[in-house]
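Topology and contacts: notes
Okay, here's what each chain looks like letter by letter:
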Amino acid sequence: MAVITMREALNQALKEELSRDKNVFLMGEEVAAYQGAYKVTKGLLEEFGDKRVIDTPITELGFAGLGVGAAMAGLRPVVEFMTFNFSILATDQIINSAAKMLYMSGGQFNIPIVFRGPNGSAFQVSSQHSQALESWFAYFPGLKVVMPSTPADAKGLLKSAIRDDDPVIFLEQERMYGNKGEVSDDPEFLIPLGVADVKREGKDATIVARSLMVPYALKAAEELEKQGVSVEVIDPRTIRPLDIETIIKSVKKTNRVVVAEESHPFCGVGAEITAQISVQAFDYLDAPVKRLSGEDVPMPYAKNLENLAIPDVKRIIDAVREVAYLD
Amino acid sequence: MPTQVVMPKLSPTMEEGQLARWLKKEGDKVSIGEPLAEIDTDKATMEMQALASGVLRKIIVHEGESVPLGQMIAIIGEPDEDISGMLDKAGAAKPAAPSTNDTGNGAAAQTTTATSAPPAEAAENRAAAKSEYPVSQDLTTAHPPAESRGDESDGRRIIVSPLAARMAADAGINLRTMQGSGPGGRIVKRDIESAVADAKLSPVAAPTTSQITRPTAPVQLPEIAEASPFRDESTTEMRRTIARRLVTSIGPVPHFFLTTEIEMDKAAEFRSSLAQIDPNLKVSFNDIVIKVVANSLIKHPAVNASFQDRSIRYYERADIGVAVAVVAMLLIAAVYLRWQGRVWWCQQHDYWPISLKVDSPHNSIYEEKIDGQTVVVHRHNAARAYPASRMGHHPLFGKIGQPLLLPGTNRTSSYLCVAGEGARGSLYSASHGAGTTVKNFAARGLSGRDPWGRVTQRFDYSQAAPTEVEQLDDRGVDDTLGVLRNDDIVRPVARLRPFAVLN
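Residues numbered from 1 in each chain as written. Chains lettered and ligands numbered in written order. Predicted model: local features only at pLDDT ≥ 70, side-chain atom pairs only at ≥ 80, totals over all residues.

1. A look at the overall build of chain B
Assigned secondary structure in chain B consists of 13 helices and 20 strands. Relative to its full complement of 503 residues, chain B shows a buried share of 29%. Long-range contacts, defined as pairs at least 24 residues apart, comprise 62% of the intrachain contacts of chain B with a sequence gap of at least 6. (Helix = DSSP H or I, 4+ residues; strand = E, 2+ residues; numbered from the N terminus. Buried ≥ 20, exposed ≤ 12 C-beta atoms within 10 Å, placed from the backbone. Contact = placed C-beta atoms within 7 Å.)

Written out as C-alpha cells, the structure is:
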C-alpha cells in the first residue's frame, strides 16, 4: 500500500492492464507523446510503444468509431476523451454502436471498450467545458457508467472496467486528479462494478454522493458529527448498474436522505435514485428525499458564480439538517 | 391602561370559540355592556359584550378564526394610549424573528389612528393568534402552521411522514391526537418516538420499528367496497359538537332497549289540571316524561351511572339531554351511513339499533346460591360462567350453558364460548380476557405477526378514516383458552377474528 494521487492510481491501472493483456491499447488526443492532457498516461508510450499508445487526430467521432471496430475485432481499447465535454461529438458511436451492438447482433459481438476522461466542473472553464454528463450515458441500456471518488476506487474500478466485456463509460473528475489516498499495488486489486461503498457509517441521515461530492459529503459528515448528527455516506461508485440495495438498506436505517450531485437536477442521476428510494423505501422515509444538484443553468465562468453553481460542504450540511428536521 | 379582550366562556362546555362577526371595527368607540362581537360556541352563536369602555384599538383574532378560551382577541384602550406592550404579549408565542417588527408595526398603527390594520400586520397578528393554539408552541417557531391547522381542529388533514405513519400504526397511536414537529406540523419519527416513550406504549411484538417489514403473504381482508368519493363542507362549532357528542353517546354507554306500554290517561288529566291552575303554564307531555325519567333515575341509581373504564360512576343528580330538531340533526343519518359501508353487522341488519348477541360483563356483584348457601360474588376482571346445570330456567342456555366471550385484543382473535361444568371450581367465573397474556407472549417473543398478514381496520370516534393495525398470531389467546378449557370452565364455540374495531 502506498499513498498516491488519483492521477497516479489511474496510470497504474492502465500500466498494469497494458502489461497483463496484449489486446489492451490506448488512444486519444495527446495521450502518447504529450503523455495526456492531465498526465494520466505518463510514461506509457515509452514503455509500450506507439502501437499500444496512440495519438489520434482531433476527431472524437472518428476515433470512437475506430475503437468500437477494434473491440468488435477482439481488441480491448481504452479511449481517452480529453474531457467528456468532447464525447458529445462521439455519442453516435458510443450510443448507437457501442451500446447497441451486443443486442443488435444477437449476442455475436461484445464491445469490450472503455471510454474514459474527466467529467464535470473544472476550474473556470465555463459553460461548454464544465458539464457532468453521467445521466446521458446512464440513460441508455447497454452502457456501464463508473464514477470513482478515491484513488483506490479509481484504480480498482478502471482495471475491472478494462476487463469487462461491455462498453464502460469511466468518468473521472479534473478537480480530483491530485487527491491522494492509499492504493494497493497488488496487480489483481479489482473493485467489482455495480457495488456501492459505504464511505462512512451513521444513523441519522444518509448522503448519497458520487465523484466530487464524496469528499464534500465526508467533510459535511465530520462537521455534522460535531453537531451531534450521525451521517452515513454512500458512494454508489457505479451509476450503471446501480447498487440500489445498499442505498435502500441505509435509508431503512436512517430514514432521511440527501442526494448530492454536481450535475443538473432535471432528469439527473439524483432524480433516478430519489425515485427508486420512494418506490422501495417509502414506508421508511421520515422526510422527503432532498436532492442537492448543480444549478439548472449553464456553468458560469466567473469564479464566484462557479462556486455557487455546484453544491458545497455548507449546503450539504444545511440539507442534512433540513431532512433531519433540525432547523 | 389598555384592556385585553379575551375569548369568553359562553357555555358550560365551551373549550374554544370561533369569531363569527365583529360588531365593531378598529377605531370604533365602545362602552361597557355594548355588543362587541358574535362568537360561535359549541352550542350557539352568542353575543359578546365589551367589559371596558374606550376605543377598539386592535382586533387580534379575525372573523372565522377559532381560539381557545382566555386567548386575547382584541384590545380596548384610549385612542392615543400605548398598546405595544400588550401587542407583544399577544405575539409572545410567536416565532422570534417577525416579533421584532411587530411592536414597530403596532406602534405605527397606534400613532396613525387605528383604522384598519395594513394587510401584512393583520397577517402577522393572525399568525400570532394561531401560534398560541397548537399545544406545543415551541414547535411552531421554525415553520408556520399549515393553513388548515387551528381552523378546523377535527377536519384537518394529518400531515405525517410515511415512516411516522407506520410507526404510529404499529404502536397504536392515534395521529389525530398528535402535534407534529416537522415543517407545516408534519408528524415525524421523533414525535412518535416521544409519544411512545411518554405513554410507555411499547409497540407489541415490535421492539425496534425499523426492523418491521410489511407482510408479504396475501392479506385476507373481507370484501369492503372502496371508499366513496367525497367532499368536505366546513361546519359550525355547534354542528361539530352535535356530531361529536352523538358519536360519543353510542360509545362508552352500553346500550340496551326495553319497551313497555304505558297508559297516559292520568298524565293527560294531570296536564289539563295544571292548565287550570295557571293558563300561562305550558307543560307538554315531553316535559312530563322528562320529569318522570328524572325521578326514576334518582330512584334507581344503578341506571343513573356510567362506566369509567375502571369503575362505575353513580350520579347524584339526573342530567337529561333533550335533542331538539334543527337542520343540523341530519347528521345522525350521516353518521349511520358512514358506518354502514364499513362494519359488517350494519350490512346484515338493515335496521337500527343492532341486536345484542353476547354480553359478558366482567365487573359484577351478584347474590348467588352456591351449594345451597346465599353468597355475594363480586367478579372483578372476571366474567360470569354459568354452566347448563345452573341455567335450567333458560330454554337454550339450560342445555348448552351460558355463553360468554373470551376477548383477545384488537390484533388477535377472540373466542365465543359457553360455560362448562368445571366452572364450579372457580365460583362460576372465567377470565374476562386474554389481553395480558397476548401482550406477554408478544413481549417474550412467543408470539409474532399473524402468519397470514391480516390487519385490523381501527376506527376512532373522532376520525373517519381507519388506521391499519397488523394482527398477531393467536398463540397468546389460545394459551389462555387452553387453561380454561382444560379445567372445563369454558368450551369454545366460535373464533372471532376482528377486521374492524371501533375504539
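2. Describing the packing of helix α8 (residues 213-226) of chain A against helix α12 (residues 313-323) of chain A
Residues and elements named next belong to chain A. The geometry of α8 relative to α12 is characterised by a closest axis approach of 9 Å and an angle of 55 degrees between their N-to-C directions. With respect to their mutual orientation, α8 and α12 come out oblique. With respect to the hand of their crossing, α8 and α12 are arranged in right-handed fashion. Contact residues: Y216, A217, K219, A220, E223 and L224 in α8; V313, I316, I317 and V320 in α12. Among the residues making up the contact of α8 with α12, the classes are represented as 8 nonpolar, no polar and 2 charged. (Axes fitted to C-alpha atoms, helices over the stretch in contact; angles between N-to-C directions. Parallel < 35°, antiparallel > 145°, perpendicular 65-115°, else oblique. Left-handed = near helix turned anticlockwise from the far one by under 90°. Nonpolar A, V, L, I, M, F, W, Y, C, P; charged D, E, K, R; others polar.)

3. With respect to the confidence of the model for chain B
All names here are of chain B. Put simply, chain B has an average pLDDT of 72, and 72% of its residues get 70 or more. Predicted confidence is poor over residues 201-216, with pLDDT under 50, and the contacts of this stretch with residues over four places away or in other chains come to 28 contacts. Contacts for the low-pLDDT stretch residues 326-355, under 50 throughout, to residues beyond four places or in other chains number 27 contacts. Both confidence scores are given for the complex: pTM 0.50, ipTM 0.76. (pLDDT = per-residue confidence, 0-100.)

4. Details of unusual backbone geometry
Residue and element names in this part refer to chain A. With an omega dihedral of -5 degrees, the bond running from R240 to P241 counts as a cis peptide bond. Here P241 lies in the loop between β12 (238-240) and α9 (244-254). Within the chain, C267 stands out as a residue other than glycine whose phi angle is a positive 60 degrees. Relative to the elements of secondary structure, C267 occurs in the loop between β13 (257-260) and α10 (269-280). The exposure class assigned to C267 is exposed, which follows from the 12 C-beta atoms found within 10 Å.

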